[in-house]
Amino acid sequence: MKAAINNQFEIDLSKPIDISIPLSNTDANPIAWYIEKPEIEPVVFGNWIGKVSEGSSTNFNNIFFNPHGHGTHTECLGHITREFYSINQCLKKFFFTAELISVEPEFIVDDSIITKFQIKNALNGKTPEAIIIRTLPNSESKKHQNYSKTNPPYLSEDAATFIREIGIQHLLIDLPSVDREEDEGKLLAHKAFWNVKNVDDLNDDARLNATITEMIYVDDTVSDGSYILNLQIAAFENDASPSKPVLYKI
């Protein structure tokens, strides 16, 4: 498949590497932003229950969840703007060159922060279309973590600015947010990456087609390096959608 001008890459579509976290209505589901676990329940009409084990011909469930707080999701700049922007309208291409890097956040005062130096050093001059950040240590507890009120690591404003300035369009990270959990609504990394200077009156050079994907999980068996990313979303007219990023080794 062609992934960039004058470059051809060969990938094996039979060997996908899924870096999403599945959504469930169990206590194993990851949670952020002080909400409860997702709800997946059969529809009930009087005595009729949409569940084959209860006598129905089909399983017919309602699902209540929040894309930002209940697992892997992809968001556009509409997440932070007064004007409505939809991830379904902003993301129109789905295959990208990508670089997976592993970074151990630096402990600064009371926070763990991913710095510009760390990102720049890990990329080592590469300028892919997408960057995937795996934080260290990389415990499997990330797949089940309740992040609320834990002050997880986050991306510095300088790091987000650097990622934008070298032309990376898609940022994926295994944390609930690129910003500090409690930051007085500043959202410095979000704004820096999307180049949003005024949330009430969007600047012309804001990055409408750039996306941030949060709460991924990249297993330790997956090596740092170059991949092709297939970024799959559901067709929601919303600022964010649950997503399924899939990597293919080049």
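These notes cover the structure that comes with them.

What counts as what
Residues numbered from 1 in each chain as written. Predicted model: local features only at pLDDT ≥ 70, side-chain atom pairs only at ≥ 80, totals over all residues. Heavy atoms only, no water. Helix = DSSP H or I, 4+ residues; strand = E, 2+ residues; numbered from the N terminus. Rg over C-alpha atoms; globule rule 2.2 N^0.38 Å. Contact = heavy atoms within 4.5 Å. Lys, Arg positive; Asp, Glu negative; His and termini not counted. Charge placed at Lys NZ, Arg CZ, Asp CG, Glu CD. Buried < 20%, exposed > 50% of the residue type's maximum accessible area, 1.4 Å probe, protein only. Pairing = 2+ DSSP bridges. Axes fitted to C-alpha atoms, helices over the stretch in contact; angles between N-to-C directions.

### Quick look at the overall build of the protein
Alright, step 1. From N to C terminus, the protein includes four helices and 17 strands.
Alright, step 2. Here the protein has a C-alpha radius of gyration of 19 Å; the compact-globule value for 250 residues is 18 Å, and the two agree.
Alright, step 3. Considering only C-alpha atoms, the protein reaches an extent of 60 × 45 × 40 Å along its principal axes.
Alright, step 4. Sequence-distant contacts in the protein: of pairs separated by 6 or more residues, those separated by 24 or more amount to 72%.
Alright, step 5. Separation of charge centres in the protein, based on 22 positive and 36 negative side chains, amounts to 5 Å.

### Quick word on helix H3 (residues 157-165)
Alright, step 1. Residues Ala-159, Ala-160, Thr-161, Phe-162 and Ile-163 constitute the buried set of H3.
Alright, step 2. Those residues of H3 hidden inside the fold are in contact with strand S11 (111-114), helix H2 (116-123), strand S12 (130-135), strand S13 (154-155), strand S14 (170-173) and helix H4 (188-194).
Alright, step 3. Backbone geometry just after H3 places Gly-167 at a positive phi near 90°.

### Some points on the sheet that holds strand S10 (residues 106-108)
Alright, step 1. The three strands lie next to each other as S10-S11-S13, forming an open sheet whose pairing is mixed. Since the sheet does not close on itself, it has two edges, and those belong to S10 and S13, each with one partner.
Alright, step 2. Sheet topology places S10 next to S11; three bridges connect them, and they run antiparallel. From the neighbouring strand, Glu-106 faces S11, where its bridge partner is Ile-113.
Alright, step 3. Those strands touched by H2 are S10, S11 and S13, and its axis lies near 40° from that of S11.

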